[in-house]
Amino acid sequence: MTDIVENEEVDKDTIDEIGIEQQFYKKYELLTETTVSNKKAYINKITGTKSLKYSITLPDNSIEVYELSNSALTRTCRLTGHEKKVTEVVFNPNDDNMLFSSSEDGIVKMWDTRAGGSFVHDYKDEEELMVRPYECMDVSHNGRVLCAGSQLVEEDAFLVFWDQRATKPLGGYWNSHTEDVTQVKFHKEKMEILATGSIDGLVNVFDITEQTEEDALTYSLNLGTALDRIAWLDHELAACTTQAHELQLWNLATGDRLSAHNRDDVARGIKRSRADDCYLVDAFLSAEGAPVLLAGSYGGCEDTLRSVRVVGRRLHPRTNFAGNRQIVHTCWYDRERDMLLTAGEAGVISVWRGLRCDREMEVEVEPDSVEEGPFAVDRAQPAPAHSSHGEPDKRPDSRPSSPPASEPDDQPDEPPDGQPEKDASGRPDSPPSEEQQHVDAVEGDAPPGKLSAAQEKLHANRHQPY
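Below is a summary of the structure that appears in this document. From a predicted model like this one, the values you see are computed outputs, not experimental measurements.

**Some points on the overall build of the chain**
Point 1. Counting its secondary structure elements, the chain contains five helices and 29 strands.
Point 2. Among the 466 residues that make up the chain, the fraction classed as buried is 55%.
Point 3. In the chain, once contacts between residues fewer than 6 apart in sequence are set aside, the share between residues at least 24 apart is 55%.
Point 4. Carbon together with sulfur atoms contributes 45% to the accessible area of the chain, which is approximately 21,200 Å² in total.

Structure below.
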């Protein structure tokens, strides 16, 4: 009997090489790259600093730190100590020598990356008998507060907070997510604002200066599918990429969804023929002030890596990273230098430097839109929900039940005459003003050795015991 072989189409470019060169107008040069020392070097996380220090996670539960100098990456230290997978690495925003890491072993560690690297101390839960595997973590912009998000443990997913100067937790939340927490991201300028995301499909926005979890929860936003990453693009706009390879842009100050782009949209944007082979890496705000999505393709030689610019409801070609040679899983963007670092399955760290682009692209722009309704749910009026077993969810803070609607596609292709083009945030698409780029630091930080007002309120929230 003859086997039936399905003849699937091979993923390929939908335009020729000349079209790729012309449409992907923003050029980046490969400044340098290095292959990490570990032979099974699948790099899942990378983070960096303005002082050109970078950290990556490796499959053997280790962390490596690199410095970029004279257009070359040099490894400065290798950190070991976690017993299970390292899930996140974050530098202290106020001290580039100090690095934090979270792990599935239920521990957050602080490291000193100077002089070959050394362990400083652990941040643990009060209840040591219960291990909470941490999937993610972040540090507030002033370096004072740490937050880690856990996998589901005994029907609860935890957000745990620490003052970075003390190893015992300040407190925690556990009623707002019902599945593994996959992302926690502090606001870039406000210590008290925290965005979290989960496999439950929710992105929650908290004001952690409030006394209770219920009061702290400002918005609960329904993505309709499991969240992969959150990226604050500015003081209001955030990009959410999902495990279904979708991109959604939200205004987290108002709870409004601005745009949504599925895998087919991404494939059209990066000019590939098979949407099922396309993947999303992350989103960032470009040096020109436009939301940008980095994406690639598993098809062909697995080296396709491109970026698209988000304009209204459309994704427009921006950069073709010629010279990429791996499936990319993580990136870090330095906006001031217009420099992008990528890493992935081949264990290669690549440093890309943007070249000046004098030519303005003429693109079709759709009027900006804002979506409300089932996508933004105010927890002051929670929607009914059900548990995974079909019973009513008895939690006071249950997830919204309305799924997202499909994207309408009946908008005009161009803005009205005389009206400037807008990006996905609704603002004219032009470089940000000096005032927008340099926002004053949050006032009221406490001196060393004393908790700030926000931390004191978090400390008072310990009436929710572990």
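**Brief notes about the sheet that holds strand 13 (residues 171–173)**
The strands making up a sheet associate through hydrogen bonds between their backbones, and the pairing can be parallel or antiparallel.
Point 1. With respect to topology, four strands assemble into an open sheet ordered 10-11-12-13, the strand pairing being antiparallel. Edge strands, defined here as strands with exactly one partner in the open sheet, are strand 10 (134–139) and strand 13. Here the strands of the sheet are splayed against their neighbours by 20° on average, with no regard to which way each runs.
Point 2. Relative to strand 13, strand 12 (residues 156–163) is paired through three bridges, and the arrangement is antiparallel. Directly across from Val160, in strand 13, lies its bridge partner Gly172.

**Quick look at the nonpolar core**
In summary, soluble globular proteins display a tendency toward joint burial of nonpolar side chains.
Point 1. Ranked by size, the top nonpolar core spans 20 residues in total, and within it Leu233, Ala239, Leu247, Leu249, Val266, Leu293 and Leu315 carry the most contacts.
Point 2. Apart from the residues within four sequence positions on either side, Leu293 is in contact with Thr241, Leu247, Val266, Leu280, Asp282, Ala283, Arg306, Ser307 and Val308.
Point 3. Listed in part, the 18 residues of the second largest apolar core include Leu52, Tyr66, Trp332 and Ile349.

**Side note on the sheet that holds strand 7 (residues 95–103)**
Point 1. Pairing in this open sheet of four strands is antiparallel, and the strands run 6-7-8-9 from one edge to the other. The open sheet is flanked by strand 6 (86–92) and strand 9 (118–123), the only strands paired with a single partner. For this sheet, the mean inter-axis angle between neighbouring strands, taken without regard to orientation, is 25°.
Point 2. Direction of pairing for strand 8 (residues 108–112) relative to strand 9: antiparallel, over a ladder of five bridges. Pairing of Trp111 across the sheet is with Phe119, part of strand 9.

**Quick look at the pairing of strand 14 (residues 181–186)**
Point 1. Counting buried residues in strand 14 gives five out of six residues, a clear majority hidden from the surface.
Point 2. Examined bridge by bridge, strand 14 and strand 15 (residues 193–198) share five bridges and lie antiparallel to one another. Considered in strand 15, the bridge of Phe186 is made with Leu194.

**Digging into the pattern of salt bridges**
Point 1. If you walk through the whole model with that rule in mind, you get 22 salt bridges.
Point 2. Residue Asp112 pairs with Arg114 through a salt bridge whose shortest N-O separation is 2.8 Å.
Point 3. Owing to a relative accessible area of 44%, Arg114 belongs among the partly exposed residues under this scheme.
Point 4. Connected through salt bridges with shared partners, the residues Asp11, Asp13, Arg272 and Arg306 form a single ionic network.

**Observations regarding the packing of aromatic side chains**
Point 1. Scanning the entire structure with this criterion turns up twelve aromatic pairs.
Point 2. Summarising the aromatic geometry, the rings of Trp111 and Phe119 are spaced 5.9 Å apart at their centres and angled 75° between planes, so their arrangement reads as edge-to-face.
Point 3. Since its relative accessible area comes to 42%, Phe119 is described here as partly exposed.
Point 4. Clustering of aromatic rings is evident, with ring pairs tying together Phe100, Tyr123, Tyr134 and Trp162.
Point 5. Against the face of Phe24 rests Arg306, its NZ or CZ located 5.3 Å from the ring centre.

**Some thoughts on the environment of Val86**
Point 1. Relative to the assigned elements, Val86 resides in strand 6.
Point 2. Note on Val86: relative accessible area 3%, which makes it buried.
Point 3. Sequence spacing of Val86 and Tyr134 is 48 residues, and the spatial spacing of their C-alpha atoms is 8.9 Å.
Point 4. Among residues more than four places away in sequence, those in contact with Val86 are Thr57, Asn61, Ile63, Ser101, Ser102 and Ser103.

**A few points about the side chain of Arg263**
Point 1. Following the sequence through the fold, Arg263 ends up in helix 3 (residues 263–269).
Point 2. No salt bridge is formed by the buried Arg263. Its closest oppositely charged neighbour is Asp276, at 4.5 Å.
Point 3. Once you skip the residues sitting within four places of it in the chain, Arg263 turns out to touch Ala244, His245, Ala275, Asp276, Asp277, Cys278 and Tyr298.

**A look at the pairing of strand 16 (residues 202–207)**
Point 1. Summarising burial for strand 16: six of the six residues are buried, a large majority.
Point 2. Here strand 16 shows no split at all, with Leu202, Asn204 and Phe206 on one side and Val203, Val205 and Asp207 on the other all buried.
Point 3. Across five bridges, strand 15 lies against strand 16 in antiparallel orientation. By the bridge assignment for strand 16, Thr196 is matched with Asn204.
Point 4. Adjacent in sequence and paired antiparallel, strand 15 and strand 16 are bridged by three residues, among which Gly201 carries a positive phi angle near 85°.
Point 5. Bridging between strand 16 and strand 17 (residues 217–222) involves five bridges; their strand directions are antiparallel. When the sheet's bridge partners are listed, Asn204 is paired in strand 17 with Ser220.

The rules behind these values
- Residues numbered from 1 in each chain as written.
- Predicted model: local features only at pLDDT ≥ 70, side-chain atom pairs only at ≥ 80, totals over all residues.
- Heavy atoms only, no water.
- Helix = DSSP H or I, 4+ residues; strand = E, 2+ residues; numbered from the N terminus.
- Buried < 20%, exposed > 50% of the residue type's maximum accessible area, 1.4 Å probe, protein only.
- Contact = heavy atoms within 4.5 Å.
- Areas by Shrake-Rupley, 256 points an atom, 1.4 Å probe, with all protein chains shown as cover.
- Pairing = 2+ DSSP bridges.
- Axes fitted to C-alpha atoms, helices over the stretch in contact; angles between N-to-C directions.
- Core = buried A, V, L, I, M, F, W, Y, C linked by side-chain atoms within 4.5 Å.
- Salt bridge = Lys/Arg side-chain N within 4 Å of Asp/Glu carboxyl O.
- Phe/Tyr/Trp six-rings, centres within 6.5 Å; stacked < 30°, edge-to-face > 60°.
- Lys NZ or Arg CZ within 6 Å of the ring centre and 35° of its normal.
- Lys, Arg positive; Asp, Glu negative; His and termini not counted.

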